[in-house]
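The residues making up each chain are set out below.
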Amino acid sequence: MWWYLLKRLGLSVIIVLMAIAVLFVMLHSIPGDPVSIALGPRATPEIQAAYAEKMHLDKPLPYQFLIFVSSVLQGDLGTDVFSNRSVGLTLAEQLPYTITLAVAALGWAIILGIPLGCLSAIWPNSWIDRVTGILSVGTIAVPSFLVSIWAILVFAIMLHWLPVIGAGDEGDIVDQLRHLILPAFAVGLGWVGYLARMVRASMLEVMGENYIRSARAFGLPARVVVFRYALPVAILPTITLIGVGFGGLLSGTVFAEIIFSRPGVGRIIYDMVQARNFPVVQGAVLVTIALYVIVTLISDLLVSWLDPRVRDSL
Amino acid sequence: MSETRSDIPLEVPPPERPYSVGREKLWLFLRNPMGMFGLILVVIFFASAIFAPVFATHDPLTMDIPARMSGPSADHWAGTDQLGRDTYSRVLYGGRVALKVAAIGVSVALIAGLILGMLAGFGPRWLDNLLLLLFDTIRSFPTIVLALAAVALLGPSMELVLTIVIVTTIPGYARLARTSTLALKNTEFILAERSLGASMPRILFKHIMPNVIGPLLILAAMDVPVVVTIEAGLSFLGLGVQPPTASWGTILNEGYLIIRDSPWMVVAGGVPLVLTTLGFTFLGEALRDVFDPKLRQGR
């Protein structure tokens, strides 16, 4: 177990380092002089020189890379060019909004998708299986940003049920929840179908195993067989899927944050790209990738903790 | 007693239609209503994109300011946009952008992924590990974040959209090709070929590729919706195809800005996107069920 943990951790660190390197190379392959791009054409030579020195842009590239990596590892994500604030601080303000949205979206998808998948696997080819099958392909096929737009059209503009702009008044939980419903619906909808299909497939496989047949032969009630013995095994591939799909979930939150004008990391990246505020973009992208790697790591560890076979195979 | 058994025909007469794997697969496919539905949608997608100038009722770029933001009418079947351009014609021309991105993006990613995957599976261990690490790194970038970073640096363009699509979809093909190659690597016919002194390119392209490419083609059909969605999403954010060129993404973007005055555009821009994704998903799943039932258990 410890060896597995160590290997998996090492891999995550390497992936984050590679991502940092890719980001660094991308940032330094911007055509033109990074100083004038960051400060604009009207900056005086003195300001440009001061900025170059402060950002270590006057040093050779490998040296810049080392400085970049070491400051990232120390938790320093750099300074906002415009407001002179710490990028880390800005992101720490935005991150909770993104995480809330991601958790809410995934949460309702899990609550609905996993039971749907179970039911279709218990009664294959029944009406509930067919409806779930068509619904899941349907929901997977509609891109989340389109769901966002259409949800705004139906629930906000035509029916006037829910607000659509922003994240709600601070301190007013009910208002914030009302603002969360539509974005979470839009981001999570595709996941309902995805999870239902995945759970159905692995449940069908598990239900055919010998130990399930034995459990049935012993006369255990169907409820116990399904929820005590089949589901815990069938859920494993789904946990991996959630981990791997988290990147897609983050893409969904980016769109939702932009369309619903919600604060969050995705929106910060989008806005700062338009403003060409590169230190913030860089920091936010790094945080997103780190978040993704951590979630994948957790899901992998969870699976290996639940299923000893995975542990031994690695 | 001259009757011998020789009058019993020794050969069974051949059946009128010899059994053929291809015909059976075709029959299996034709019997799948979802697959046929998908195929019809895909054919409509190709036809409407290729023959857009024939089907269009207006020029997609001609403005008619007095008739702006109108609803569906006999003249403008899907209404007009904020500049009075015909939405129906723009949606048709937008299909061309989607088709172009899908065709180029998927084929380049398929070929590159196939080669990289076979190399990873057949080549030395260190190359395998290096390539796997590279694929994992690419996968760890959420597509849209990668796209935002790239656009920040290079500016929005169609070429950039294509590059992003290709880079982010290569790992899927490569991993699939790698797994199949690994399974084939030590089979007798490959070992025989090796012992005869065949070169690596010969083994890879002549013997491994035909056995590996099937599942990749199915993945390609299922990747088309992904690619079309990436293009539409980026164009919606203003990071892809630039106005005045019509793309489903730009139509949705312009429609979103006037959603309160004229809700028709976000419907007209979204419906073809959904139908195309649905069509390719159904088609891909039907093909997968026919050709490779093993893949059914998720990728």
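Residues numbered from 1 in each chain as written. Chains lettered and ligands numbered in written order. Predicted model: local features only at pLDDT ≥ 70, side-chain atom pairs only at ≥ 80, totals over all residues.

**Student:** Can you help me understand the interface of chain A and chain B in this one?
**Tutor:** Size of an interface: often given as the accessible area lost when the parts come together. Chain A puts 42 residues into the contact, and the matching count from chain B is 37 residues. When residues in the side of chain A that touches chain B are grouped by element, the largest group, eight residues, is from helix α1 (residues 2–28) of chain A. Split into classes, the residues belonging to the side of chain A that touches chain B amount to 36 nonpolar, four polar and two charged. (Contact = placed C-beta atoms within 7 Å. Helix = DSSP H or I, 4+ residues; strand = E, 2+ residues; numbered from the N terminus. Nonpolar A, V, L, I, M, F, W, Y, C, P; charged D, E, K, R; others polar.)

**Student:** What exactly am I supposed to notice about the packing of helix α6 (residues 127–141) of chain A against helix α8 (residues 173–207) of chain A here?
**Tutor:** When two helices pack together, you describe them by how their axes are tilted relative to each other and by the distance separating the axes. Residues and elements named next belong to chain A. At their nearest, the axes of α6 and α8 sit 7 Å apart, and the two run at 135° to each other. Put simply, α6 runs oblique to α8. The element α6 and its partner α8 pack so that their crossing is left-handed. The residues of α8 that touch α6, namely those facing Thr-132, Leu-135, Ser-136, Val-137, Thr-139 and Ile-140, are Leu-189, Gly-190, Val-192, Gly-193, Tyr-194, Ala-196 and Arg-197. For the contact of α6 with α8, the residue count by class is seven nonpolar, five polar and one charged. (Axes fitted to C-alpha atoms, helices over the stretch in contact; angles between N-to-C directions. Parallel < 35°, antiparallel > 145°, perpendicular 65-115°, else oblique. Left-handed = near helix turned anticlockwise from the far one by under 90°.)

**Student:** I tried to follow the confidence of the model for chain A on my own but got confused; where do I start?
**Tutor:** Close inspection of predicted coordinates is inappropriate for parts of the model with low pLDDT. Taken residue by residue, chain A gives an average pLDDT of 81. The fraction at 70 or more is 92%. Considering each helix and strand of chain A separately, the mean pLDDT is smallest for helix α14 (residues 308–313) of chain A, with a value of 62, and largest for helix α5 (residues 87–122) of chain A, with 88. (pLDDT = per-residue confidence, 0-100.)

**Student:** For this particular structure, what's the right way to read α8(A)?
**Tutor:** Because an α-helix completes one turn every 3.6 residues, residues spaced three or four positions apart along the sequence face the same direction. Helix length check: α8(A), at 35 residues, gives a terminal C-alpha distance of 43 Å against a target of 51 Å (1.5 Å per residue), a shortfall beyond 12%. Its axis deflected by about 40° at Gly188(A), α8(A) carries its strongest bend there. (Expected span 1.5 Å × (residues − 1). Bend = angle between axes of the 7 residues up to and from the residue.)

**Student:** Got a minute to help me understand the environment of Thr179(B) in this structure?
**Tutor:** Residue and element names in this part refer to chain B. As for its position among the elements, Thr-179 is in helix α7 (residues 158–185). C-beta crowding within 10 Å serves as the criterion here: with 15 such atoms nearby, Thr-179 is assigned to the partly exposed category. In this structure, the C-alpha to C-alpha distance between Thr-179 and Thr-57, residues 122 residues apart in sequence, is 49 Å. (Buried ≥ 20, exposed ≤ 12 C-beta atoms within 10 Å, placed from the backbone.)

**Student:** I would appreciate a short explanation of the packing of helix α4 (residues 87–122) of chain B against helix α11 (residues 264–291) of chain B in the present structure.
**Tutor:** All names here are of chain B. The contact between α4 and α11 brings their axes to 10 Å, and the two run at 35°. Taken as a pair, α4 and α11 cross one another with a handedness that is right-handed. Contact residues: α4 offers Thr-87, Val-91, Gly-95 and Ala-98, while α11 offers Trp-264, Met-265, Ala-268, Gly-269, Pro-272 and Thr-276. A breakdown of the residues in the contact of α4 with α11 according to their chemical character gives six nonpolar, four polar and no charged.

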